[in-house]
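# Chains, contacts and geometry: an overview
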Amino acid sequence: MDKLAIATVIVCAVLGGVAGWGLAPRITWVSAQAVVILAAIAAGAGAGWQWALPWVEEEWIFRAEPTPASQILLAVDPAGAPAMKQRLRRAYANDRSQAAMAVEGAKWLEEHAEANNVLVLLRVADNTMPVRTYEQLYPLVKVAYEHDPIACYHWFSGTGHPTAEQLGFSSDQFAIARAVVERMRAVVITRLPAALPLPDVGPGPQTLARQLRANWQVGRFDLDAVDHPRMDLPDERKANGCYTMNAILSEIQRFDPKYRRYMINNAFTPKLNPEFAAPR
């Protein structure tokens, strides 16, 4: 039991004792008064353990000690915060550990992966962050796809938390992947706006579409799996989602670096030229 849990139970026990002390004068026998006070203390401690403690533990992480790990739970679905907090309280009540709340929080993020994956950084309204993210993602997605395309999908889509071994990452690569996720969460928490379409510059999206049709198996493309990630997709669609991501990142690499921001904007917004891939 952590210090917060101990303090909560003690406070509830004290409140129970105060209530018992108020009732005791109504009883004549001293021994009976003592029994009433002790019973009230026990009842207060029990109520604190059963009902007050899960609520205190849950609210503590959001109000007293907010961290990026707790703030992201609110940011991915602000309207769903009451339901999310109830799930955390239930998890704590069942297991009596903060670890159980952390596991439930991870499930919540996976269920809201569309607002909690690295594509957020490619779509943000910033001139440098999408390009910087692309330069980090491109080699990582390539490695992960070649090692395990399903683990690759879970990682970049936010629908899972694969290990470095499952992704085929070195310790340095995994550190970069972790830094990208932390940056994405900071963007989600601060609610930076998504990018608007950029003015045409250099090769247009049709050029990207032609390259993808020429160099990749377009029949495997699944942009819906990329745009709307879900944990319950069949493994084939998850693998195709990673294939799609790897293909687009690889083809953008062929363009002159000065055009990358424009090509990223075209490739990772919902209005991507639909000719080469499944409709959105």
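Residues numbered from 1 in each chain as written. Predicted model: local features only at pLDDT ≥ 70, side-chain atom pairs only at ≥ 80, totals over all residues. Heavy atoms only, no water.

### Observations concerning helix α11 (residues 205-215)
Put simply, the test is: Using a 1.4 Å probe on the protein chains alone, a residue whose accessible area is under 20% of its type maximum counts as buried, one over 50% counts as exposed, and one in between counts as partly exposed. Helix and strand assignments come from DSSP, with helices taken as H or I runs of at least 4 residues and strands as E runs of at least 2, each series counted from the N terminus. To obtain the arc, one takes the directions from the helix axis to the C-beta atoms. Contacts between residues were defined by any pair of non-hydrogen atoms, one from each residue, lying within 4.5 Å.
Here α11 has its buried residues at P205, L208, A209, Q211 and L212. The buried residues of α11 occupy an angular sector of 165 degrees when the element is viewed end-on, so they sit on one face. Elements in contact with the buried residues of α11: α13 (235-252) and α14 (260-267).

### Description of the nonpolar core
We apply this condition: Here, nonpolar core refers to any group of buried Ala, Val, Leu, Ile, Met, Phe, Trp, Tyr and Cys residues whose side-chain atoms link them within 4.5 Å.
Counting 59 residues, the largest nonpolar core has W155, F156, M245 and F268 as its most contacted members. Broken down by element, the residue count for this core peaks at 9 residues, all from helix α7 (residues 129-147).

### Notes on the state of the cysteines
Short version of the rule: Two cysteine sulfurs form what is called a disulfide whenever their separation falls within 2.5 Å.
Scanning the entire structure with this criterion turns up 1 disulfide. Between the sulfur atoms of C152 and its disulfide partner C242 the distance amounts to 2.0 Å. A torsion of 75 degrees about the S-S bond marks the disulfide between C152 and C242 as right-handed. Here the residue C152 occupies a position in helix α8 (residues 149-157), and C242 occupies one in helix α13, the gap between them amounting to 90 residues. With respect to burial, C152 and C242 carry one shared label: buried.

### Quick notes on the side chain of E110
Note on placement: E110 falls in helix α5 (residues 98-111). Discounting chain neighbours no more than four positions away, the residues touching E110 are G158, T159, G160, H161 and M231.

### Section: the confidence of the model for the protein chain
Operational definition: Each residue carries a pLDDT score, the predictor's confidence in it, ranging from 0 to 100.
Summary statistics for the protein chain give a mean pLDDT of 78 and a share of 71% for residues scoring 70 or more. Least confident of the elements in the protein chain is helix α1 (residues 3-23), whose mean pLDDT is 49; most confident is helix α9 (residues 164-167), at 97. Taken together, the stretch residues 271-280 has pLDDT below 50 and engages in 23 contacts with residues farther than four places along the chain or on a different chain.

### Considerations on the packing of aromatic side chains
Our working rule: Here a pair means two rings of Phe, Tyr or Trp (six-membered ring of Trp) with centres within 6.5 Å. Their orientation is stacked below 30 degrees between planes, edge-to-face above 60, and tilted elsewhere. Our definition puts a charge over a ring when NZ of Lys or CZ of Arg is within 6 Å of the ring centre and also within 35 degrees of the ring normal.
The full count for this structure, using the stated rule, is 6 aromatic pairs. Each ring, one from W155 and one from F169, has its centre 5.4 Å from the other, and the planes form 90 degrees; the classification is edge-to-face. Of the two residues, W155 sits in helix α8 while F169 sits in the loop between α9 and α10 (171-190), which places them 14 residues apart along the sequence. We classify F169 as buried; its relative accessible area is 8%. Here the guanidinium or amino end of R220 rests over the ring plane of Y243, the centre of that ring lying 4.1 Å away.

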